[in-house]
Amino acid sequence: MVKVAVVGSASIDLIVTASKRPLAGETLIGESFHTAPGGKGANQAVAAARLDAEVDMIGCVGDDAFGKEIMDNFKKNGVSVRYVEPVTHCPSGTAHITLAEGDNSIIVVKGANDYVTPEYVKQAEESLHGADIILIQQEIPIETVEYVATFCDRFQRKLLLNPAPARKLSEKVIEYATFITPNEHEFAVLFGNENRSKVLAKYPNKLIITEGSNGVRFHNGKTEEVIPAYQVEPVDTTGAGDTFNAAFAVAVAEGKEIADAIKIANRAASLSIKKFGAQGGMPTRKELERSL
Ligand code: ATP
Ligand code: RIB
């Protein structure tokens, strides 16, 4: 069983479905409202645990009802919460999601996720030292991403940085990460107008661009490769990226070659979008193996 540490956000998703998105100043009647566990860090932790990894979540929740729901969900999914702390006088993170016209739009209010500071992560260093791979995203302070990247470089730990939501990164962080997994929009924020193929060739076997239903692009050291996505009819694509990242990380930690790990992760992500909610369709190990 591989060990995974996730440094990241844990939130509750507040999901409205509607036939279209409102324009500025417009009010629409929606179709439904649901709450579900989410947050990129928590999603990746749950996805990895369902694939039978031993997972430590390193994060913060508020001392509110949502915080309790997030903790219960971690426990239900077998994610260790020994490094998840309730922060007093602070609400849990929330993601305000509109599902309309076959896609989602999201506003994240970070709440307690802003307390995942370098000082906070320091008390979980034992977990980082013991992990086969560490996952991090960007719904937590940028200083924490820099701290964890520096830690991973210093102690030679594998780091998968999922640069979502999009935010500029220092050269140093890019250099220290083992894998960086932007979607196309995040790639544009990170590398601006630079030629995509040139950037990919500069970071072989490290920069992995997810392109939704168009597959995954990376440079294998010799040539640029696109690994196709699986053809499925999506119900809700929220969390596809998180499932991809977790499944890829688990596969790499288990010793798979990068192209094979991408194929496995594409399959896991394609299963995840067949059900509602970020975590609703994340496959278990058995479900993933059966479908492969
Ligand atoms: P998220 O919606 O979680 O923010 P993302 O934008 O980070 O996702 P995407 O590139 O949209 O990331 O999707 C990640 C992976 O999920 C893709 O590489 C692919 O394997 C799978 N995927 C996403 N959308 C589809 C789809 N419509 N059909 C098949 N696979 C998909
Ligand atoms: O990646 C999907 C997640 O992003 C959602 O669960 C939501 O919490 C947003 O932060």
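Keep in mind that this is a model prediction, so the values were computed, not measured. (Residues numbered from 1 in each chain as written. Chains lettered and ligands numbered in written order. Predicted model: local features only at pLDDT ≥ 70, side-chain atom pairs only at ≥ 80, totals over all residues. Heavy atoms only, no water.)

A. Highlighting the overall build of the protein. A tally of regular secondary structure across the protein gives eleven helices and 13 strands. Relative to its length of 292 residues, the protein is compact, with a C-alpha radius of gyration of 18 Å against a globular reference of 19 Å. Taken over the C-alpha atoms alone, the protein extends approximately 55 × 40 × 40 Å along its principal axes. When burial is assessed residue by residue, the protein has 53% of its 292 residues classed as buried. About 13100 Å² of surface is accessible on the protein, with carbon and sulfur atoms providing 51% of the total. Across the protein, the centroid of the 31 positively charged side chains sits 4 Å from that of the 38 negatively charged ones. (Helix = DSSP H or I, 4+ residues; strand = E, 2+ residues; numbered from the N terminus. Rg over C-alpha atoms; globule rule 2.2 N^0.38 Å. Buried < 20%, exposed > 50% of the residue type's maximum accessible area, 1.4 Å probe, protein only. Areas by Shrake-Rupley, 256 points an atom, 1.4 Å probe, with all protein chains shown as cover. Lys, Arg positive; Asp, Glu negative; His and termini not counted. Charge placed at Lys NZ, Arg CZ, Asp CG, Glu CD.)

B. Examining the packing of aromatic side chains more closely. Following the criterion strictly, the structure yields five aromatic pairs and no others. Ring geometry for Phe179 versus Phe248: centroids 5.1 Å apart, planes at 85°, classification edge-to-face. Taken together, the positions of Phe179 in strand S10 (residues 179–180) and Phe248 in helix H9 (residues 240–253) put the pair 69 residues apart, joining distant regions of the chain. Summarising the aromatic geometry, the rings of Phe244 and Phe248 are spaced 6.2 Å apart at their centres and angled 5° between planes, so their arrangement reads as stacked. Residue Phe244 and its partner Phe248 are both found in helix H9; the two are separated by four residues, about one turn of the helix. Classification of Phe244 as buried rests on a relative accessible area of 3%. An aromatic cluster of three or more residues is present, and its members are Phe179, Phe244 and Phe248. When the ring centre of Tyr230 is taken as reference, the NZ or CZ atom of Arg267 above it lies at 4.1 Å. (Phe/Tyr/Trp six-rings, centres within 6.5 Å; stacked < 30°, edge-to-face > 60°. Lys NZ or Arg CZ within 6 Å of the ring centre and 35° of its normal.)

C. Inspection of the packing of H9 against helix H10 (residues 258–272) at higher detail. Contact pair H9 / H10: the axes reach a minimum separation of 8 Å and the direction vectors enclose 145°. Remark: the crossing between H9 and H10 carries right-handed chirality. On H10, the residues that touch Ala240, Thr243, Phe244, Ala247, Phe248, Ala251 and Val252 of H9 are Ile258, Ala261, Ile262, Ile264, Ala265, Asn266, Ala268, Ala269 and Ser272. Residues of the contact of H9 with H10, tallied by class, amount to 13 nonpolar, three polar and no charged. (Axes fitted to C-alpha atoms, helices over the stretch in contact; angles between N-to-C directions. Left-handed = near helix turned anticlockwise from the far one by under 90°. Contact = heavy atoms within 4.5 Å. Nonpolar A, V, L, I, M, F, W, Y, C, P; charged D, E, K, R; others polar.)

D. Here's a closer look at the sheet that holds strand S7 (residues 103–109). Read from one edge to the other, the open sheet built from four strands follows the order S3-S2-S6-S7, with strand pairing classed as mixed. With partners counted over all chains shown, the strands left at the sheet margins are strand S3 (32–38) and S7, one partner each. Pairs of neighbouring strands in the sheet enclose a mean axial angle of 20°, with direction left out of account. Where helix H2 (residues 65–76) meets the sheet, it contacts strand S2 (11–17), S3 and strand S6 (93–100), and its direction lies at approximately 100° from that of S2. (Pairing = 2+ DSSP bridges.)

E. Representation of the site of ligand 2 within the structure. Close to ligand 2 lie Asp13, Gly38, Gly39, Lys40, Asn43, Ala95, Val108, Glu139, Thr238, Gly239, Asp242 and Ala278, which account for all nearby residues. Contacts to ligand 2 include Gly39, whose backbone N or O atom sits 2.8 Å from an oxygen atom. Between Lys40 and ligand 2, the recorded distance is 2.8 Å, taken from a side-chain N or O atom to an oxygen atom. In this structure the site holding ligand 2 corresponds to the largest pocket. Grouping the amino acids of the shell around ligand 2 by side-chain chemistry returns three nonpolar, five polar and four charged. (Near = heavy atom within 4 Å. Polar contact = N/O pair within 3.5 Å; in protein donor to acceptor, adjacent residues only side chain to side chain. 1 Å grid on protein atoms, 1.4 Å probe; cavity = no way out; pocket = protein on both sides within 12 Å on 5 of 7 lines; lining within 4 Å. Sits in = over half its atoms within 2 Å of the grid points.)

F. Structural context of the site of ligand 1. In the vicinity of ligand 1 there are 17 residues, among which Asn183, Thr210, Gly212, Gly241 and Asn266 approach most closely. Here Thr210 contributes a side-chain N or O atom positioned 2.8 Å from an oxygen atom of ligand 1. Contact between ligand 1 and Gly241: an oxygen atom at 2.9 Å from a main-chain N or O atom of the residue. Contact with the protein chains covers 84% of the free accessible surface of ligand 1, which is 620 Å². In a pocket analysis with a 2 Å cut-off to the grid points, ligand 1 is assigned to the largest pocket.

G. Spotlight on the environment of Gly8. Looking at the element boundaries, Gly8 is found in the loop between strand S1 (3–7) and S2. Classification of Gly8 by relative accessible area gives buried; the value is 0%. Gly8 sits 240 residues away from Phe248 along the chain, and the two C-alpha atoms are 17 Å apart. If near-sequence neighbours (up to four positions away) are discounted, Gly8 is found in contact with Gly41, Met57, Ile58, Gly59, Asn113, Val116, Gln137 and Ile140.

H. Local environment of the nonpolar core. If you look at the biggest cluster of nonpolar residues, it comprises 50 residues, and the most contacted ones within it are Val4, Val55, Phe74, Ile208, Phe248 and Ile262. Per element, the largest residue contribution to this core is nine residues, and it comes from H10. When neighbours within four sequence positions are excluded, Ile208 is seen to be in contact with Phe179, Ile180, Thr181, Pro182, Val216, Arg217, Phe218, Phe244, Phe248, Ile258 and Ile262. One finds Leu161, Val173, Ile174 and Ile209 within the second-largest nonpolar core, a separate group that totals 39 residues. (Core = buried A, V, L, I, M, F, W, Y, C linked by side-chain atoms within 4.5 Å.)

Functional significance is not addressed by these values, which are geometric in nature.
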